[in-house]
Amino acid sequence: MYVVPPPKRSDPVSGSTSGSDDLRIFQIWKGSNKFFLQGRFIFGPDVRSLALTIFLIVAPVTIFCVFVARKLMDDYSHHSGISIMVVPVLFTLYVLVLLLLTSGRDPGIIPRNAHPPEPEGYDGNAEGGGGQTPQLRLPRIKEVEVNGIKVKIKYCDTCMLYRPPRCSHCSICNNCVERFDHHCPWVGQCIGRRNYRFFFMFVFSTTLLCIYVFSLCWVYITRIMNSEETTIWKAMIKTPASIVLIVYTFISVWFVGGLTAFHLYLISTNQTTYENFRYRYDRRANPYNKGVVENFKEIFCTSIPPSKNNFRLKVPRETGLPGRSVGGGFVSPSMGKVVEDIEMGRKTVWGDVGAGADRRAGQNSDSEGPNMKDGGLGESSPEIRTTVDEGDRVGIHPRRSSWGRKSGSWEMSPEVLALASRVGESNRIGGTSSRPADPKV
């Protein structure tokens, strides 16, 4: 049997297709993340927005240092004048470091399962008719107890796992993230358990930077008014850069300042942005609220857990299709029905897949003649039928279940087609020699 060789995979960083047989995890990552420096930094798919965020921070500070701070240095004593220039420069570098720590690290991604979990109470010995393992449906929702309060957790079809409490699947990064807060387009990354602290410090520090620039611009205008004994309007005309910075920082402080105040409220009540908009804990008990002091300690005084993913870990290169169970298996809770996942924002139709395959199988059987049903592909080649239908039995998440599916049709791999052609040819020869041909109407 001819097997199509697997395509050469290129290194996302270096672009090289040659090398050892081992690949690193970041090279075969199934999420939508972008990796840099050989997997040392992980960003979201919208990492390009970082360039705009950096420009919005660096550009006004540069204008301030050139047109405002440099002139204020001459009006104050030696050490005070230098501090006017040094403070915004150092504070800007600090803000950029916080931005990198927020957007360039693992936010708390939970590794995907290679196979769905086994249902509770399943011992692996149950058999159905014909000696095959029965298909067991996984429950869509489970209940766990958190601080004496029952919390529902959902099954993720993409990651094939039950999401822990406070975990959600990000539709942009295509990952399940611990303590998921939101996906921030300004930093190009999910905000979760491992980078929420840096995100809040970044927003809060940006607010302070805006207030600093806003205040010093008014100080410069006041100095012009006092030195030239003129009105505020004439003084503002003499420093247009100060006017631009005042307007810019005034607008920005409403955005980042309002965001800082909102997250201070979330931290004090131990909520996430996702929970606040979806669950509304003010209408029911919050199982995670430990009091204001303990809630702030949880965010700022606890150690950040290590990442559950080693993106630079080497894994063997896959050769061929992975083996799957032939008989029975575990069925996704969304199998056979339309499921709309709120976090994923898309619908997956499982029933249409099986129905369409059955209709096409019936059409093929009628076109081949009555011999196909009796002694053809249906009876003589269970391995082909298993390969074609494995998506219906094993398909737990959309990618695995739609293997080989393009534009609503099913395409078999070359080895399956080759095997089918040999079996069909042998059946036709056998049918011709053992049975008379059907009369043609």
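The structure presented is a predicted model; accordingly, all values stated were derived computationally and were not measured.

Novice: For this particular structure, what's the right way to read the sheet that holds strand S5 (residues 141–146)?
Specialist: Each strand in a sheet pairs with another by means of backbone hydrogen bonds, the pair being arranged parallel or else antiparallel. Pairing within the open sheet is antiparallel, and its 3 strands lie in the order S5-S6-S7. A strand with exactly one partner marks an edge of an open sheet, and here the two such strands are S5 and strand S7 (161–162).

Novice: Help me understand the pairing of strand S6 (residues 149–156), please; the structure alone is not making it clear to me.
Specialist: Put simply, side chains in a regular strand alternate between the two faces of the sheet. Pairing of S5 with S6, which is carried by 6 bridges, proceeds in the antiparallel orientation. Residue pairing in the sheet places Ile-141 in a bridge with Lys-154 of S6. Counting the residues in the hairpin turn of S5 and S6 gives 2 residues, including Asn-147, whose phi is positive at 50°. Sheet topology note: the S6/S7 ladder contains 2 bridges and is antiparallel. Bridging across to S7, Cys-156 finds its partner in Leu-161.

Novice: It is not clear to me how the pattern of salt bridges should be interpreted in this structure. Could you clarify?
Specialist: Two side chains with opposite charge may pair up if their charged atoms get near one another. The final tally for this structure, using the stated rule, is 7 salt bridges. In this structure, the salt-bridge partner of Asp-157 is Arg-140, at a minimum N-O distance of 2.8 Å. Taken together, the residues span a long stretch of sequence, with Asp-157 in the loop between S6 and S7 and Arg-140 in the loop between strand S4 (135–137) and S5 at a distance of 17 residues. As far as burial versus exposure is concerned, Asp-157 and Arg-140 are alike and both buried.

Novice: Would you take a moment to explain the environment of Pro-316 for this structure?
Specialist: When you line up the elements, Pro-316 lands in strand S12 (residues 314–316). Given the relative accessible area of 65%, Pro-316 is considered exposed. Sequence separation between Pro-316 and Arg-24 is 292 residues; the distance between their C-alpha atoms is 8.5 Å.

Novice: Before we go on, may I ask you to explain the packing of helix H1 (residues 49–72) against helix H3 (residues 196–228) in this structure?
Specialist: In helix packing, the relevant descriptors are the interaxial angle and the interaxial distance, both defined with respect to the helix axes. Two numbers describe how H1 lies on H3: the axes approach to 11 Å, and their chain directions differ by 30°. Between H1 and H3, the interaxial angle falls into the category roughly parallel. The way H1 lies across H3 gives a crossing that is left-handed. Every residue of H3 that contacts H1 at Thr-53, Ile-57, Val-61, Phe-64, Phe-67, Val-68, Lys-71 and Leu-72 is listed here: Phe-202, Leu-209, Tyr-212, Val-213, Leu-216, Cys-217, Val-219, Tyr-220 and Arg-223. Its residues assigned to classes, the contact of H1 with H3 comprises 14 nonpolar, 1 polar and 2 charged.

Novice: Help me out: how do you make sense of the nonpolar core in this one?
Specialist: A general feature of soluble globular proteins is that nonpolar side chains tend to end up buried together. Formed by 39 residues in total, the largest nonpolar core has its most connected members in Phe-64, Val-68, Phe-202 and Cys-217. Listed by contribution, the elements that provide at least two residues to this core are H1, helix H2 (78–103), H3, helix H4 (232–238) and helix H5 (240–269). The greatest single-element share of this core, amounting to 14 residues, is contributed by H3. Sequence-distant contacts of Phe-202, that is, excluding residues within four places in its chain, are made with Thr-53, Ile-57, Val-95, Leu-98, Leu-99, Thr-102 and Val-187.

Novice: I would appreciate a short explanation of a nonpolar patch on the surface in the present structure.
Specialist: There is a patch of nonpolar side chains on the surface, built from Ile-82, Val-86, Val-89, Leu-90 and Leu-93 and spanning about 400 Å² of accessible area. Summarising the element assignment, Ile-82 is placed in helix H2. On the accessibility criterion, Ile-82 (33% relative accessible area) is partly exposed.

Novice: Sorry, what's going on with the packing of H1 against H2 here?
Specialist: With their axes 9 Å apart at the nearest point, H1 and H2 run at an angle of 175° to one another. The angle between the axes of H1 and H2 places the two elements in the roughly antiparallel class. Note on element contacts: H2 touches H1 through Ile-84, Met-85, Pro-88, Val-89, Thr-92, Val-95, Leu-96, Leu-99 and Ser-103, opposite Leu-50, Thr-53, Ile-54, Ile-57, Val-58, Val-61, Phe-64, Cys-65, Ala-69, Arg-70 and Leu-72. Grouping the amino acids of the contact of H1 with H2 by side-chain chemistry returns 16 nonpolar, 3 polar and 1 charged.

Novice: Which parts of the structure should I look at to understand the side chain of Asp-106?
Specialist: Relative to the helices and strands, Asp-106 is located in the loop between H2 and S4. Here Asp-106 is buried and forms no salt bridge, its nearest opposite-charge partner Arg-194 lying at an N-O distance of 4.3 Å. Here the side chain of Asp-106 touches Ile-109 through a polar contact of 2.8 Å, landing on its backbone nitrogen. Those residues in contact with Asp-106 that lie beyond four places of it in its chain are Ile-42, Arg-194, Ser-307, Lys-308, Asn-309 and Phe-311.

About the thresholds
Residues numbered from 1 in each chain as written. Predicted model: local features only at pLDDT ≥ 70, side-chain atom pairs only at ≥ 80, totals over all residues. Heavy atoms only, no water. Pairing = 2+ DSSP bridges. Helix = DSSP H or I, 4+ residues; strand = E, 2+ residues; numbered from the N terminus. Salt bridge = Lys/Arg side-chain N within 4 Å of Asp/Glu carboxyl O. Buried < 20%, exposed > 50% of the residue type's maximum accessible area, 1.4 Å probe, protein only. Axes fitted to C-alpha atoms, helices over the stretch in contact; angles between N-to-C directions. Parallel < 35°, antiparallel > 145°, perpendicular 65-115°, else oblique. Left-handed = near helix turned anticlockwise from the far one by under 90°. Contact = heavy atoms within 4.5 Å. Nonpolar A, V, L, I, M, F, W, Y, C, P; charged D, E, K, R; others polar. Core = buried A, V, L, I, M, F, W, Y, C linked by side-chain atoms within 4.5 Å. Patch = residues over 30% accessible without salt bridge, like charges linked within 9 Å, V, L, I, M, F, W, Y side chains within 5 Å. Areas by Shrake-Rupley, 256 points an atom, 1.4 Å probe, with all protein chains shown as cover. Lys, Arg positive; Asp, Glu negative; His and termini not counted. Polar contact = N/O pair within 3.5 Å; in protein donor to acceptor, adjacent residues only side chain to side chain.

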